[in-house]
Amino acid sequence: MRDLQRRVAAFRDARDWRRFHAPKDLAISIALEAAELLEHFQWKDAAAVAAHLHRRRSREALAAEMADVLLLLLSLADVLGVDLKGAALRKLRVNARRYPVARARGTALKYRALRRAGRTGGTR
Ligand SMILES: [Mg+2]
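All values reported here derive from a predicted model rather than from experimental measurement.

## Some details on the overall build of the protein
Within the protein, the secondary structure is distributed over seven helices and zero strands. Taken from the N to the C terminus, the helices and strands of the protein come in the order α-α-α-α-α-α-α. Its C-alpha atoms give the protein a radius of gyration of 19 Å, clearly above 14 Å, the size a compact globule of 124 residues would have. For the C-alpha atoms alone, the extent of the protein along its principal axes is close to 60 × 35 × 25 Å. Burial status across the protein gives 23% buried among its 124 residues. Long-range pairs, those at least 24 residues apart, make up 54% of the contacts in the protein between residues at least 6 apart in sequence. Surface exposure of the protein reaches about 9,400 Å², of which carbon and sulfur atoms provide 58%. Positive and negative charge centroids in the protein, built from 27 and 13 side chains respectively, lie 14 Å apart.

## Focus on the coordination of the magnesium ion
The textbook angles at a metal center are 109.5 degrees for a tetrahedron of four donors and 90 or 180 degrees for an octahedron of six. Protein-derived ligands of the magnesium ion are Glu-33 (OE), Glu-36 (OE), Glu-65 (OE) and Asp-68 (OD), with the metal-ligand distances lying across 2.1 to 2.3 Å. All donors of the magnesium ion come from a single chain, and their spacing in sequence reads E-x2-E-x28-E-x2-D. Taken together, the positions of Glu-33 and Glu-36, both in helix α2 (residues 23-38) and three residues apart, correspond to about one turn of that helix. The exposure class assigned to Glu-33 is buried, which follows from its relative accessible area of 16%. With relative accessibility at 29%, the residue Glu-36 sits in the partly exposed group.

## Notes on the pattern of salt bridges
Summed over the entire model, instances satisfying the criterion amount to six salt bridges. Put simply, Asp-16 and Arg-19 hold a salt bridge, and the shortest N to O gap is 3.2 Å. Its relative accessible area of 43% is what places Asp-16 among the partly exposed residues. A salt bridge links Glu-60 to Arg-56; the nearest nitrogen and oxygen atoms lie 2.8 Å apart. You can see Glu-60 and its partner Arg-56 sitting in helix α4 (residues 56-80), four residues apart, about one turn around the helix.

## Structural notes on the confidence of the model for the protein
Summary statistics for the protein give a mean pLDDT of 94 and a share of 95% for residues scoring 70 or more. When mean pLDDT is taken per element in the protein, α2 scores highest with 98 and helix α7 (residues 111-120) scores lowest with 83.

## Observations concerning α4
Relative to the 36 Å expected for 25 residues at 1.5 Å per residue, α4 spans 36 Å between its end C-alpha atoms, a close match to the ideal helical length. Listing the buried residues of α4 in full gives Ser-58, Leu-62, Glu-65, Val-69, Leu-72, Leu-74, Ser-75, Leu-76, Ala-77 and Val-79. At its buried positions, α4 is contacted by α1 (2-14), α2, α3 (46-54) and α5 (84-98). Once α4 finishes, Gly-81 follows within two positions and takes phi at roughly 70°, a positive value.

## What to know about the packing of α2 against α4
Close contact between α2 and α4 brings their axes to 9 Å; oriented N to C, the two are set at 165°. If you check the angle between α2 and α4, you find them roughly antiparallel. Like other packed secondary-structure pairs, α2 and α4 cross with a definite hand, here left-handed. Residue-level contacts link Pro-23, Leu-26, Ser-29, Ile-30, Glu-33, Ala-34, Glu-36 and Leu-37 of α2 to Leu-62, Glu-65, Met-66, Asp-68, Val-69, Leu-72, Leu-73, Ser-75, Leu-76, Val-79 and Leu-80 of α4. Looking at the contact of α2 with α4 residue by residue, the classes come out as 13 nonpolar, two polar and four charged.

Definitions and limits used
Residues numbered from 1 in each chain as written. Predicted model: local features only at pLDDT ≥ 70, side-chain atom pairs only at ≥ 80, totals over all residues. Heavy atoms only, no water. Helix = DSSP H or I, 4+ residues; strand = E, 2+ residues; numbered from the N terminus. Rg over C-alpha atoms; globule rule 2.2 N^0.38 Å. Buried < 20%, exposed > 50% of the residue type's maximum accessible area, 1.4 Å probe, protein only. Contact = heavy atoms within 4.5 Å. Areas by Shrake-Rupley, 256 points an atom, 1.4 Å probe, with all protein chains shown as cover. Lys, Arg positive; Asp, Glu negative; His and termini not counted. Charge placed at Lys NZ, Arg CZ, Asp CG, Glu CD. Donors = N, O, S within 2.8 Å, 3.2 Å for Na, K, Ca; no water. Salt bridge = Lys/Arg side-chain N within 4 Å of Asp/Glu carboxyl O. pLDDT = per-residue confidence, 0-100. Expected span 1.5 Å × (residues − 1). Axes fitted to C-alpha atoms, helices over the stretch in contact; angles between N-to-C directions. Parallel < 35°, antiparallel > 145°, perpendicular 65-115°, else oblique. Left-handed = near helix turned anticlockwise from the far one by under 90°. Nonpolar A, V, L, I, M, F, W, Y, C, P; charged D, E, K, R; others polar.

Here you go:
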């Protein structure tokens, strides 16, 4: 992760783009790239999505949009001095507490609903 973040920063700095990378603009860019990711699914039913994802060129284009999001996220982490790997690991630990396997396995309930269901004994 750190190596990738360093390479992203080197790419940026070689082009003298750091001055354009205000946190606000990076956050906006992340949302815009995420929207480009969503375009792969927009107006498609499950069968059309499956067909789309079956095509190699579509999968490559989707992967490129995912990479755009990741690269901008790494740029934002760099500018803000955020240890993204550490933050992700902390969040994973939080989610492990919120979604204990015994209660969360096989259900898409949000953690608050999961807690309520645990108290009442319901599953859905
Ligand atoms: Mg893009």
